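Take a look at the letters that make up each chain.
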Amino acid sequence: MTGTTDPTDPAPTAERRKTARVRWAAGGAVALALLFAGAAAVASARDDGSAPRTAGAPASDSADAGFARDMAVHHQQAVEMSFIVRDRTEDEDVRRLAYDIANTQANQRGMLLGWLDHWGLPKVAGGDRRPMAWMGGGEGDGGHEHGGHRPDRGSDGVLMAGMASRAELERLARLDGRQAEVFYLQLMTDHHKGGVAMAEACASRCTVPVEQRLARGMVEGQQSELGLMRDMLTERKARPRS
């Protein structure tokens, strides 16, 4: 959306929704194909009773493994928030968006966890390794300011930048109608900003080609959704929190 777009004109919003939904459909199809391919590879490796093939797998402290673990957790909360808002509003546009996000991110989460399984790596980082440490820099997240609302990590259940706190999830579950729609769109905007930063880091730091491709697809898909959510907030006379 350019700075000259009239927010009262429904055409740009309708066109953006149409474009975004086509991208979501295509992305979901690719995600499912990759998910099934990964599951088949793991199943094949176990058919003869042997352990999953780990030759050439990334190290447990690599960007590939760190991204897979952290984004799986990040995605899980997006799915949770989407199921909450589905039951708090009757608005079809918000419910459709929530379904698309839940479906896409649940499929991607399955791929990420499947790769960890295939690589023979733990799904939870051990020791004192903090979430997002694989991104480099300090404070466990590469010093990245991911944009959006950012409570102190580790406080009230916030593990990574962009994620909602327990109190925010509880508040979302208490709201109804337009208030629930606006708060969900604001929370998910923050969430996507954090997710985009993580995916961009994987696209540049990860070494497994299929994971890099997935990360680049996440960046494109979530940036498209960010534009759509900005439009939806404008329709509700609201805006992102930052």
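Quick caveat: nothing in here was measured; it's all calculated off a predicted structure.

Asker: Please set out the overall build of the chain residue by residue, giving values where relevant.
Answerer: The helix and strand inventory of the chain stands at 6 helices and 0 strands. Relative to its 242 residues, the chain shows a buried fraction of 45%. Taking the intrachain contacts of the chain between residues at least 6 apart in sequence as the baseline, contacts between residues at least 24 apart amount to 74%. Carbon and sulfur atoms make up 52% of the accessible area of the chain, which totals about 11,600 Å².

Asker: Quick one: what's the story with the nonpolar core, residue by residue and with numbers?
Answerer: If you look at the biggest cluster of nonpolar residues, it comprises 54 residues, and the most contacted ones within it are F67, M81, L97, L112, W134, Y184 and M198. Elements supplying a minimum of two residues to this core: α2 (63-86), α3 (92-119), α4 (166-174), α5 (177-205) and α6 (209-235). No other element matches α5, which puts 12 residues into this core.

Asker: Pulling in residues and values, what's your account of unusual backbone geometry?
Answerer: Phi angles above zero are rare outside glycine, and M132 is one such case at about 75°. Take M132: it is sitting in the loop between α3 and α4. The class for M132 is buried, based on a relative accessible area of 0%. The phi dihedral of K237 falls on the positive side, at around 55°, and the residue is not glycine.

Asker: So what about the layout of surface pockets? Which residues, and what values?
Answerer: Put simply, the second largest pocket is a space of about 320 Å³. Around the second largest pocket, the lining is made up of 20 residues, and of these R69, D70, V124, A125 and P131 lie nearest the centre. Those elements giving two or more residues to the lining of the second largest pocket turn out to be α2 and α3. In terms of residue class, the lining of the second largest pocket is built from 11 nonpolar, 2 polar and 7 charged.

Asker: Provide a residue-level description of the packing of α2 against α3, including the pertinent values.
Answerer: A pair of packed helices is captured by two measures, namely the crossing angle of their axes and the spacing between those axes. Where α2 meets α3, the closest approach of the two axes is 8 Å, and the angle between their N-to-C directions is 155°. Between α2 and α3, the angle is such that the two are roughly antiparallel. Viewed along their axes, α2 and α3 form a crossing whose handedness is left-handed. Looking at the contact of α2 with α3 residue by residue, the classes come out as 18 nonpolar, 5 polar and 5 charged.

Asker: Before we move on, could you go through the packing of aromatic side chains and cite the residues and values that matter?
Answerer: Tallied over the entire structure, the rule returns 2 aromatic pairs. For the pair F67 and W134, a centre-to-centre distance of 5.7 Å together with 80° between the ring planes defines the contact as edge-to-face. Taken together, the residues span a long stretch of sequence, with F67 in helix α2 and W134 in the loop between α3 and α4 at a distance of 67 residues. Classification of F67 as buried rests on a relative accessible area of 0%. Between W115 and W119 the ring centres are 6.4 Å apart and the planes differ by 20°, which places this aromatic pair in the stacked class. Here W119 and W115 lie together in helix α3, a separation of 4 residues that amounts to about one turn. Here the two residues W115 and W119 agree in accessibility, since each one is buried. Stacked on the ring of F183, the Lys or Arg R171 has its end atom at 4.1 Å from the ring centre.

Reading the values: the criteria
- Residues numbered from 1 in each chain as written.
- Predicted model: local features only at pLDDT ≥ 70, side-chain atom pairs only at ≥ 80, totals over all residues.
- Heavy atoms only, no water.
- Helix = DSSP H or I, 4+ residues; strand = E, 2+ residues; numbered from the N terminus.
- Buried < 20%, exposed > 50% of the residue type's maximum accessible area, 1.4 Å probe, protein only.
- Contact = heavy atoms within 4.5 Å.
- Areas by Shrake-Rupley, 256 points an atom, 1.4 Å probe, with all protein chains shown as cover.
- Core = buried A, V, L, I, M, F, W, Y, C linked by side-chain atoms within 4.5 Å.
- 1 Å grid on protein atoms, 1.4 Å probe; cavity = no way out; pocket = protein on both sides within 12 Å on 5 of 7 lines; lining within 4 Å.
- Points joined across faces, edges and corners; volume = space filled by probe spheres on them.
- Nonpolar A, V, L, I, M, F, W, Y, C, P; charged D, E, K, R; others polar.
- Axes fitted to C-alpha atoms, helices over the stretch in contact; angles between N-to-C directions.
- Parallel < 35°, antiparallel > 145°, perpendicular 65-115°, else oblique.
- Left-handed = near helix turned anticlockwise from the far one by under 90°.
- Phe/Tyr/Trp six-rings, centres within 6.5 Å; stacked < 30°, edge-to-face > 60°.
- Lys NZ or Arg CZ within 6 Å of the ring centre and 35° of its normal.

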